[in-house]
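Close look at the chain arrangement
Chain by chain, the residues run as shown.
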Amino acid sequence: MIDGRVSRRSVLMGGAAIAAWSASPVSAMLRRIDPGKDAGTIDKLIAQMTLEEKAGQLNLLASAWGGGIATALNPPGGNSDFPKQVADAVAGKLTGVFNGNGAAMAMQMQRAVMSGSRLKIPLMFAADIIHGHRTIFPVPVAEAASFEPELAERTARVAAYEAAGSGVDWTFAPMVDIARDQRWGRTMEGAGEDVVLGCLFAAARVRGFQGSSLDADDAMLSCAKHFAAYGAAEAGLDYSTVDVSERTLRDVYLRPFKAAFDSGALSTMASFNEISGVPSTGNHWLMTDLLRGEWGFKGFVVSDYTGDEEMIAHGFAKDRRDAARIAFLAGVDMSMQSGVYTEHLPSLVRDGAVPQALLDGSVRRVLAMKAKLGLFDNPFRRIDLKREKSRSRLPASLALAREAAVKSCVLLKNDGNLLPLSPSATIALIGPFGSVGQDLNGPWVVYGDNKQAIDLPAGIRTAMKGRGRLTVVAGSGVESAIPGGIEAAVAAARGADVVLLAIGESEAMSGEAKSRTEIVMPAPQQALAEAIAATGKPVVVLLRNGRALALEGAVKAAPAILVTWFLGSEMGNGVADLLFGAASPSGRLPMSFPIASGQEPYHYDHKPTGRPNGPGKLQEYKAHYQGVPNEALYAFGHGLTYGDMRYSNLVIDAPTMAWGGSLGVTATVTNAGRVAAEEVVQLYIRDRVASVTRPVRELKAFRKIRLAAGASAQVMFKLSRAELEFIGMGLKPTVEPGTFDVWIAPSAQADGVHSTFELGAA
Ligand code: NOJ
């Protein structure tokens, strides 16, 4: 951690810098800028800028503060000299920095720029605030399991409140990439495999980060990333090639981006991958024709970390100058980390290879954003050392982290109602994730501290309140055995009523660049699970994971399995709330858990084949792998509660939906169990015959309801023609009359209740 102390003198110097800024002519010109109405004012500033200063506004670097700690989450950046970085900022070579460590750093840099630079254009501070700042919330895919977008809006709001309180103007989030291949490690950072869920969470997170007004001191600009199709990497290998039809691109991968932009996101990040031969960073069709032309996007585009320079390795640019030219002409306004824009844009303009007007256009967009963020009004708007502390980890924020932790867990299995447990039980907490206070926050945390998070033993002990007994034994490391570990764990299991087996992936096994070929339990932990199962004690598996896993052997066979992901600051308390029944599980899988790794990429909304095998027995010359059914072990949408939910009585308003009309579809859901619980009621359709083949099922809507023990509710969805649209021939949204299946069901694979309806002719 970096020293966040700041002297009284530097605070006063901050005041002096504000005074210098206030008195400057540029400030007088810009302070009341409304970027919408007053573009002319920004143009006057642009007219005063040299080509080098313009390129500087398009150059974003990892912070060099603390010797370059900001690059800990990225490849080493070479910029570890903070005084030099400050000097470069004063010389107008930088638009801002990212992942620096808080208000002290921002104060120093902004102060230097405001007092020493020629034009006094404020810096903009960015950071990867992915699932919290100091209060850490569940990893995004876990939060998606809540099927409660408003929850993600609330956690993003708190993240913005804390991060903006410490100087962050701009977050590189939300990641809205659809992930259909669980070998890809960045699954943990999105909302899973489904488009509708992805769109709702994308929009909610943007609302949360940006708040009601971008110039507020608790709002951050959001950045929908990675544009586009980054999650479709071949074989789930991060950074690898994407080859996808424009239809699937539009039908699936682009939709959450559109939802994020419609929700107000005003920046986007070019993805590292190529799409069908063209790297996104150099893709004029994607960045300009589609994004700005067709969609009317008014924000700016930033490359990913050295993504422009990486077009050389892609074999798409011959050198750094070529990379700068290609990326810029494609429509990437800002370069992250490579420095190719400052190095080459001025001479590219002088040589006529890049039109000056285009350069001015990008600079205008960036300056307009700084104005929108309120930085021209007050460059120190979000930089406040007191606020940085006073907003950090407030009780209400931690309470929200606990609520989010509870709502993110997914109960896959609960044979014989093993859960909830009695707090008076003798419990053995076994496994590498039971004994250590790490791997709680999960990947992609810049500012949070695992040591501050509540681990499982702490949460469980608090909930047991001195009743019962808890023994904690690691039994195994994450990827390596511990000598004598299994023996110690077996002894602990023998002495217990029940075993909690906390096993899975470490933080280092999921996230960026963490692709896996086999999404299985590491061998030493599997061996531990087998040995524990052999004791005959009842086992509750507590999975730690950032992706879906293919469960095998004793893990798969355990009577109870709870997916606990990486839940952040309140992990131990959240899990304990569920274990002892203070709360009933309500999460649902945002991605399918396959039977075997080799089924990946797996997504429930796949197309039918000409030789479908159908559920059940494997048939000759039908589409299936040898010996493995096509189904998921646990499908998208699956999740149990401590209640017992039954579906009955599907009623459709009318057999036919009129072309311009809508249709009510209603089911009765009953909680036949003995405790109140929340159910995520899901509506799926299938378009039976269309001019372009359609998936076997598509989620169209869902609703979370709470039912007391024994209670029933009628859950009604309204379907209209818009929900039946797909990208048809000619790549246009299309909808065709005909027969549709409709299910209201507890998962993508469950029968629930089913019927059909017709869409009438136009
Ligand atoms: C690379 C990642 O792909 C991106 O998501 C992140 O925002 C940048 N590094 C900056 O840390």
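Above this note sits the structure.
To start, this report covers the structure provided alongside it.

**Observations concerning the packing of aromatic side chains**
Scanning the model with the defined rule gives 20 aromatic pairs in all. Plain terms: the ring middles of F227 and W295 are 6.1 Å apart, the flat faces sit at 55 degrees to each other, and that makes the pair tilted. With F227 in strand β5 (residues 223-227) and W295 in the loop between α13 (284-294) and β9 (300-302), this pair connects stretches of sequence that are 68 residues apart. Each of the two residues, F227 as well as W295, counts as buried. Between the aromatic rings of Y604 and Y684, the centroid separation amounts to 5.7 Å while the plane-to-plane angle is 80 degrees, which identifies the pairing as edge-to-face. In this pair, Y604 sits in the loop between β17 (593-594) and β18 (632-634) while Y684 sits in strand β22 (residues 677-687), placing the two residues 80 residues apart along the sequence. Looking at Y684, the relative accessible area reads 0%, which means it is buried. Taking the ring centre of W444 as reference, the NZ or CZ of K225 above it sits at 5.5 Å. The ring of W743 carries the charged tip of R697 above its face, separated from the ring centre by 4.2 Å.

**Focus on the pattern of salt bridges**
Applying the stated criterion across every chain, the model contains 42 salt bridges. A salt bridge links D384 to R387; the nearest nitrogen and oxygen atoms lie 3.9 Å apart. Assessed through its relative accessible area of 25%, D384 is described here as partly exposed. Taking the relative accessible area as the measure of exposure, R387 reaches 16% and is therefore buried. Note that D644 and R646 form a salt bridge whose closest N and O atoms lie 2.6 Å from each other. Among the residues examined, D644 registers a relative accessible area of 28% and is labelled partly exposed.

**Comments concerning the layout of surface pockets**
To find leftover empty space, a probe the size of one water molecule is rolled over the atoms. Space inside the second largest pocket adds up to approximately 640 Å³. Surrounding the second largest pocket, 19 residues form its lining, R250, D251, R255, E725 and I727 being those nearest its centre. When contributions to the lining of the second largest pocket are tallied by element, the ones reaching two or more residues are α10 (195-210), α11 (246-253), α12 (255-262) and β25 (726-727). Grouping the amino acids of the lining of the second largest pocket by side-chain chemistry returns 10 nonpolar, no polar and 9 charged.

**Let's talk about the site of the ligand**
The ligand sits among 15 residues. The nearest are N74, D128, R186, H226 and D304. Residue K225 places a side-chain N or O atom 2.8 Å away from an oxygen atom belonging to the ligand. In the complex, 100% of the free accessible area of the ligand, which totals 300 Å², lies under the protein chains. Taken atom by atom, the bulk of the ligand overlaps the largest cavity. Its residues assigned to classes, the shell around the ligand comprises 7 nonpolar, 3 polar and 5 charged.

**Some words on helix α25 (residues 571-579)**
With respect to burial, α25 is a largely interior element, 9 of its 9 residues being buried. Residues of α25 that are buried sit in contact with α19 (395-408), α21 (456-464), β14 (498-504), β15 (539-544) and β16 (560-563). Just past α25, the residue G581 takes up positive phi, approximately 85 degrees.

**Considering the state of the cysteines**
Tallying each qualifying case throughout the model produces 0 disulfides. Here C199 is not cross-linked by a disulfide; its sulfur's nearest cysteine counterpart is in C223, at 17 Å.

**A word on the nonpolar core**
Of all hydrophobic cores here, the largest spans 89 residues; its most connected members are I430, I460, L501, I532 and W565. If sequence neighbours within four positions are ignored, L501 has contacts with I430, L528, A529, I532, V539, V540, V541 and L542.

**Points about the sheet that holds strand β6 (residues 267-270)**
The strand order across the open sheet formed by 3 strands is β5-β6-β9, and the pairing between neighbours is parallel. Each end of this open sheet is capped by a strand with a single partner; those strands are β5 and β9. Strand-to-strand twist in this sheet, taken as the mean axis angle between neighbours without regard to direction, amounts to 30 degrees. Here α12 sits on the sheet and contacts β5 and β6; the angle it forms with β5, its principal contact strand, is near 160 degrees.

What counts, and where the lines are drawn
Residues numbered from 1 in each chain as written. Predicted model: local features only at pLDDT ≥ 70, side-chain atom pairs only at ≥ 80, totals over all residues. Heavy atoms only, no water. Phe/Tyr/Trp six-rings, centres within 6.5 Å; stacked < 30°, edge-to-face > 60°. Helix = DSSP H or I, 4+ residues; strand = E, 2+ residues; numbered from the N terminus. Buried < 20%, exposed > 50% of the residue type's maximum accessible area, 1.4 Å probe, protein only. Lys NZ or Arg CZ within 6 Å of the ring centre and 35° of its normal. Salt bridge = Lys/Arg side-chain N within 4 Å of Asp/Glu carboxyl O. 1 Å grid on protein atoms, 1.4 Å probe; cavity = no way out; pocket = protein on both sides within 12 Å on 5 of 7 lines; lining within 4 Å. Points joined across faces, edges and corners; volume = space filled by probe spheres on them. Nonpolar A, V, L, I, M, F, W, Y, C, P; charged D, E, K, R; others polar. Near = heavy atom within 4 Å. Polar contact = N/O pair within 3.5 Å; in protein donor to acceptor, adjacent residues only side chain to side chain. Areas by Shrake-Rupley, 256 points an atom, 1.4 Å probe, with all protein chains shown as cover. Sits in = over half its atoms within 2 Å of the grid points. Contact = heavy atoms within 4.5 Å. Disulfide = S-S within 2.5 Å. Core = buried A, V, L, I, M, F, W, Y, C linked by side-chain atoms within 4.5 Å. Pairing = 2+ DSSP bridges. Axes fitted to C-alpha atoms, helices over the stretch in contact; angles between N-to-C directions.

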